[in-house]
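Reading the structure
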Amino acid sequence: MDALRVAVLREVLAGSEWLRATRDFGGTLRAAVRRGSGGLLLVGTAEYEPWHLAAHLDEEAAWSGLPELAPTLVRHRVPPGAPRHLAVDVARLTAAGRGETLLVVAPGPPAPDLLERLADARRAGATLLALDASPDATDLHSLTHTALTIAPTDHPLTFDLAQHLISTTPTTPPPPTRLTDVTTHFTTPPPRW
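Let me begin by describing the structure that accompanies this report.

Rules of the game
- Residues numbered from 1 in each chain as written.
- Predicted model: local features only at pLDDT ≥ 70, side-chain atom pairs only at ≥ 80, totals over all residues.
- Heavy atoms only, no water.
- Helix = DSSP H or I, 4+ residues; strand = E, 2+ residues; numbered from the N terminus.
- Expected span 1.5 Å × (residues − 1).
- Buried < 20%, exposed > 50% of the residue type's maximum accessible area, 1.4 Å probe, protein only.
- Arc of directions from axis to C-beta.
- Contact = heavy atoms within 4.5 Å.
- Axes fitted to C-alpha atoms, helices over the stretch in contact; angles between N-to-C directions.
- Parallel < 35°, antiparallel > 145°, perpendicular 65-115°, else oblique.
- Left-handed = near helix turned anticlockwise from the far one by under 90°.
- Nonpolar A, V, L, I, M, F, W, Y, C, P; charged D, E, K, R; others polar.

**Focus: helix α4 (residues 112-123)**
Its 12 residues give α4 an end-to-end C-alpha distance of 16 Å, which sits within 8% of 16 Å, the value for a rise of 1.5 Å per residue. For α4, the full list of buried residues reads L114, L115, L118, A119 and A121. Taken around the axis of α4, the buried residues stretch over an arc of 160 degrees, which confines them to a single face. Exposed positions of α4 whose direction lies more than 90 degrees from the buried face are P112, E116 and R123. Buried residues along α4 sit against β1 (40-43), β4 (101-106), β5 (127-132) and α5 (138-143). G125 occupies a position one or two residues after α4 and carries a positive phi of about 110 degrees.

Below, the structure written as structure tokens:
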């Protein structure tokens, strides 16, 4: 999705709880990876691989100069001969720990073995975030530090559209809260007109 379509989506959702919720979630993601600086692991379920979100986060990280937002896609099934950047399997979650951030993208309930790996990562100090589409994801939510649920009935925001908003939000600086915040961003004095 290009920047124009994301801007239109934001305009459509302006003033809604969904724009605020995705902005807050994206801000939490940005803060988690910056604070930890140990990398971002992106994992889906055995049935859903969030490659689209991984690609968008990778692009946004490169565009914004925030390399810590470029995720490592963790896969449940790695096909033979997969390129190195697409050959990280769920065993990687076993080594996750302090300073790392795990973003779980789950349109359906995660399997018990994934939940167990996530619990181990959290006990080892990793920060867990989840984007899910199931209001019944209590097992997943009990493990995460922050979760955002986009249920299938939450129109006009769909699970895929939420991923697009979330992928751009961490690279967008928060709006300034005071006029003095704006002036501190100048490296040279503003021009006189």
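So much for the structure itself; the text now carries on.
**A short note on the packing of helix α3 (residues 51-64) against helix α6 (residues 159-168)**
Running from N to C, α3 and α6 cross one another at 20 degrees; their axes reach a closest spacing of 9 Å. Classified by the angle between their axes, α3 and α6 sit roughly parallel to one another. α3 and α6 meet at a crossing whose hand is right-handed. Here α3 contributes H52, L53, H56, L57 and E60 to the contact with α6, which in turn contributes Q163, H164, S167 and T168. Class assignment of the residues belonging to the contact of α3 with α6 gives a composition of two nonpolar, six polar and one charged.

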